[in-house]
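For reference, the chains in residue letters:
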Amino acid sequence: MAAPKKLYIKTYGCQMNVYDSERMAEAMAGAGYVETATPEGADMVLLNTCHIREKAAEKVYSELGRIRKLADAKRAAGDRMLVGVAGCVAQAEGEEIVRRQPLVDIVVGPQAFHRLPEMAARAVAGGGAVIDTDFPEDDKFAAPRPKARRAPAAFLTVQEGCDKFCAFCVVPYTRGAEISRPAAKVLAEARDLVARGVVEITLLGQNVNAWRGEAPDGAGRWGLGRLIRELAEIDGLKRIRYTTSHPNDMDEDLIAAHGEVDALMPYLHLPVQSGSDRVLKAMNRRHTASAYLQLIERIRAARPDLALSGDFIVGFPGETEAEFEETMALVREANYAQAYSFKYSPRPGTPAADLPMVDPDEASERLQRLQALLGAQQAAFQESCVGRTLPVLLEKPGRRAGQMIGRSPYLQAVHMHADANLAGRIVEVDIVGAGPNSLKGRLAA
Ligand code: SAH
Ligand code: SF4
Ligand code: F3S
């Protein structure tokens, strides 16, 4: 038997890409490829890319520059390294990628990744770069998943694409129109994951709470709240999360589920982007700042200990100092346990790309102020956990000997001394210390 070929995958961007990378590795396993941790000497290198901000997209080209040297070394040794670009840059730039970096053999968009093995075979056969950025009708999720045991926490894509067209965002173009996977398929994949040792599932979608999947009996459609209630019935599935949500798609049933479903974790990533109604309108977000705040209030009424997360963009074209201050005011009122904030980055093809930019130094300065506020809120939340006893899902060994890392219900990393064979268990942990990004704990007596 031939030795297995080595596949190196580097993943950028959101959790959806993490899920897709897993799926691509599984597809390539069928073609005799085994994943490897470093690109040196790999038979195939695949970059699963993100197009959301300019910096993210440009990283791909600098990485390809580094890969080029490794590919040259491999060729000098009489062998070949296949180089593929997948994900959202692949979708957005297509053959332009091959023009900029002729090293690239394969360009595959996020909706065509199940065709990767066949594309790799064509690339090996020669005849130039193989490009597929279609939105095919065939189900990219259809491939069977392997049966091997796996880590206790897993992602499960239930929804893809976006119809919202926020003025700054590339996702509707790179991922295409919204689709929801049927409930029966999601439930089957979840049961399969649980059978393989998974105890926590994070449901994924660019707009996951817009999920409206066909009901298992074919009669009508379910919303995400209903899906979560059904998932919670799976024996052995202890924790459920979902990300990312749009405020306008938080319906009553989903809000109620936060109070009624024990397995649904008290953490919600609900981006608002700005606290100014004028900016929100220009962004095409279709809700006001006060509607968002009222929504948070209703979700917290259902689940008072909810840890809130969000995304913010500062320096959207036309944002004034006073409008930025409205974002600061919203943050003070909403109180985030953690959040992501970005300087606006104009993206080709989006409506906002043609608008005049805010002065870059001004935007940087606003970002610093926002991050200082969000950082202080996060620190306060971290501190508030000290002295509490939290159920922690032990995931993997920590950096130091005898140490394990787990997750709190609020998605915080928790470090503690624990036996490695406790991985996959949910244990009670006394929280004894807090850092900006993790907690320190001790197994409770
Ligand atoms: N579907 C999610 C988020 C998708 S992108 C939602 O609706 O909120 C993740 C985050 O990247 C966004 O929430 C936004 O804060 C940020 N982002 C998207 N486009 C951006 C751009 N052009 N410049 C800066 N940040 C951007
Ligand atoms: Fe992008 Fe807006 Fe869709 Fe989120 S809702 S993916 S920010 S277009
Ligand atoms: Fe990036 Fe595409 Fe995700 S642009 S954030 S990888 S959907």
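Every value quoted in this text rests on a predicted model; they were computed, and no experiment measured them. (Residues numbered from 1 in each chain as written. Chains lettered and ligands numbered in written order. Predicted model: local features only at pLDDT ≥ 70, side-chain atom pairs only at ≥ 80, totals over all residues. Heavy atoms only, no water.)

S.K.: Pulling in residues and values, what's your account of the site of ligand 3?
M.R.: The environment of ligand 3 is formed by Cys-14, Asn-17, Thr-49, Cys-50, His-51, Ile-52, Cys-88, Arg-175 and Gln-206. Here the shell around ligand 3 is composed, by residue class, of four nonpolar, four polar and one charged. (Near = heavy atom within 4 Å. Nonpolar A, V, L, I, M, F, W, Y, C, P; charged D, E, K, R; others polar.)

S.K.: Before we move on, can you summarise the domain arrangement of the protein chain with the specific residues and values?
M.R.: Parsing the protein chain into structural domains produces domain 1 (5-132), domain 2 (150-265), domain 3 (269-384) and domain 4 (389-443). Looking at the side of domain 1 facing domain 2, the largest losses of area belong to Gln-15, Met-16 and Tyr-19, adding up to 43% of the total buried there. Taken together, domain 1 and domain 2 are joined by three salt bridges. At the boundary of domain 1 and domain 2, one finds seven residue pairs in polar contact (both at pLDDT 80 or more). Of all the secondary-structure elements, those providing two or more residues to the side of domain 1 that touches domain 2 are helix 1 (15-29) and helix 3 (87-93). (Domains from an automatic or database assignment. Buried area = accessible area lost by both parts, 1.4 Å probe. Salt bridge = Lys/Arg side-chain N within 4 Å of Asp/Glu carboxyl O. Polar contact = N/O pair within 3.5 Å; in protein donor to acceptor, adjacent residues only side chain to side chain. Helix = DSSP H or I, 4+ residues; strand = E, 2+ residues; numbered from the N terminus.)

S.K.: Tell me about the pattern of salt bridges, residues and numbers included.
M.R.: Summed over the entire model, instances satisfying the criterion amount to 39 salt bridges. Among the salt bridges present, the one from Arg-66 reaches Glu-63, with a minimum N-O distance of 2.6 Å. Residue Arg-66 and its partner Glu-63 are located together in helix 2 (residues 54-76), separated by three residues, close to a single helical turn. When the shortest N-O distance is used, the salt bridge between Glu-319 and Arg-366 registers 2.9 Å. One end of the pair, Glu-319, is in the loop between strand 15 (307-314) and helix 12 (321-334); the other, Arg-366, is in helix 13 (residues 360-385), with 47 residues separating them in the sequence. Side by side, Glu-319 and Arg-366 carry an identical accessibility label, which is buried. (Buried < 20%, exposed > 50% of the residue type's maximum accessible area, 1.4 Å probe, protein only.)

S.K.: Requested: an account of the pairing of strand 21 (residues 438-443), with residues and values cited.
M.R.: Pairing analysis gives three bridges linking strand 19 (residues 413-417) to strand 21, with the strands arranged parallel. From the neighbouring strand, Ala-413 faces strand 21, where its bridge partner is Ser-438. Relative to strand 21, strand 20 (residues 426-434) is paired through five bridges, and the arrangement is antiparallel. Across the sheet, residue Gly-433 finds its bridge partner in strand 21, namely Lys-440. Here strand 20 folds back onto strand 21, and the loop between the two strands holds three residues. (Pairing = 2+ DSSP bridges.)

S.K.: Report on the site of ligand 1, specifying residues and quantitative values.
M.R.: Close contacts around ligand 1 come from 15 residues, with Phe-168, Gln-206, Gln-273, Asp-311 and Ser-345 the closest. The contact in question runs from an oxygen atom of ligand 1 to an N or O atom on the side chain of Arg-53, over 3.0 Å. Residue Asp-311 places a side-chain N or O atom 2.6 Å away from an oxygen atom belonging to ligand 1. Isolated, ligand 1 exposes 530 Å² of accessible area, and the fraction of that covered by the protein chains is 89%. Mapped by element, the contributors of at least two residues to the shell around ligand 1 are strand 15 and strand 16 (338-343). A class-by-class count of the residues in the shell around ligand 1 yields six nonpolar, four polar and five charged. Among the domains, domain 2 (150-265) and domain 3 (269-384) are the pair contributing at least three residues each to the shell around ligand 1. (Areas by Shrake-Rupley, 256 points an atom, 1.4 Å probe, with all protein chains shown as cover.)

S.K.: Kindly report on the sheet that holds strand 13 (residues 239-243), identifying the contributing residues and their values.
M.R.: Strand order in this open sheet of three strands is 7-10-13, and the pairing throughout is parallel. The open sheet has two free edges, formed respectively by strand 7 (153-157) and strand 13, since each of these has just one partner strand. Strand-to-strand twist across the sheet, computed as the mean angle between neighbouring axes with direction ignored, equals 25°. As judged from the five bridges shared by strand 10 (residues 200-204) and strand 13, these two strands associate in the parallel manner. Bridging across to strand 13, Leu-203 finds its partner in Tyr-242. Lying over the sheet, helix 1 contacts strand 7, strand 10 and strand 13, oriented at roughly 95° with respect to strand 7. (Axes fitted to C-alpha atoms, helices over the stretch in contact; angles between N-to-C directions. Contact = heavy atoms within 4.5 Å.)

S.K.: Help me get a handle on the sheet that holds strand 15, residues and values and all.
M.R.: Within the open sheet, the three strands sit side by side as 14-15-16. Their pairing is parallel. In this open sheet, the two strands that pair with only one neighbour each are strand 14 (267-269) and strand 16. Here the strands of the sheet are splayed against their neighbours by 10° on average, with no regard to which way each runs. Where strand 15 and strand 16 come together, six bridges link them in parallel fashion. The residue of strand 16 that forms the bridge with Val-314 is Lys-343.

S.K.: Describe helix 8 (residues 224-231), listing the residues and the values that go with them.
M.R.: Here helix 8 has its buried residues at Leu-224, Gly-225, Leu-227, Ile-228 and Leu-231. End-on, the buried residues of helix 8 take up no more than an arc of 160°, which puts them together on one face. (Arc of directions from axis to C-beta.)

S.K.: Help me get a handle on the UniProt feature "binding site: [4Fe-4S] cluster 2" (unreviewed entry) in the protein chain, residues and values and all.
M.R.: Here, the residues flagged by UniProt with the feature "binding site: [4Fe-4S] cluster 2" (unreviewed entry) are Cys-162, Cys-166 and Cys-169. Residue placement: Cys-162 occurs in the loop between strand 8 (159-160) and helix 6 (171-174). A relative accessible area of 9% means that Cys-162 is categorised as buried. Beyond its immediate stretch of four places on either side in the chain, Cys-162 contacts Val-171, Pro-172, Gly-176, Ala-177, Glu-178 and Asn-207. Locating Cys-169 in the fold gives a position in the loop between strand 8 and helix 6. Here Cys-169 falls in the buried class, since its relative accessible area comes to 14%. In this structure Cys-169 touches Ile-52 and Thr-350, once residues within four positions along its chain are discounted. (UniProt positions renumbered as here; feature names shortened; annotations may be inferred.)

S.K.: With reference to specific residues and values, describe the side chain of His-51.
M.R.: If you trace the backbone, His-51 turns up in the loop between strand 3 (44-49) and helix 2. We classify His-51 as buried; its relative accessible area is 3%. In contact with His-51, not counting residues within four places along its chain, are Ala-57, Cys-88, Val-89, Ala-92, Glu-93, Val-170, Thr-174, Arg-347 and Pro-348.

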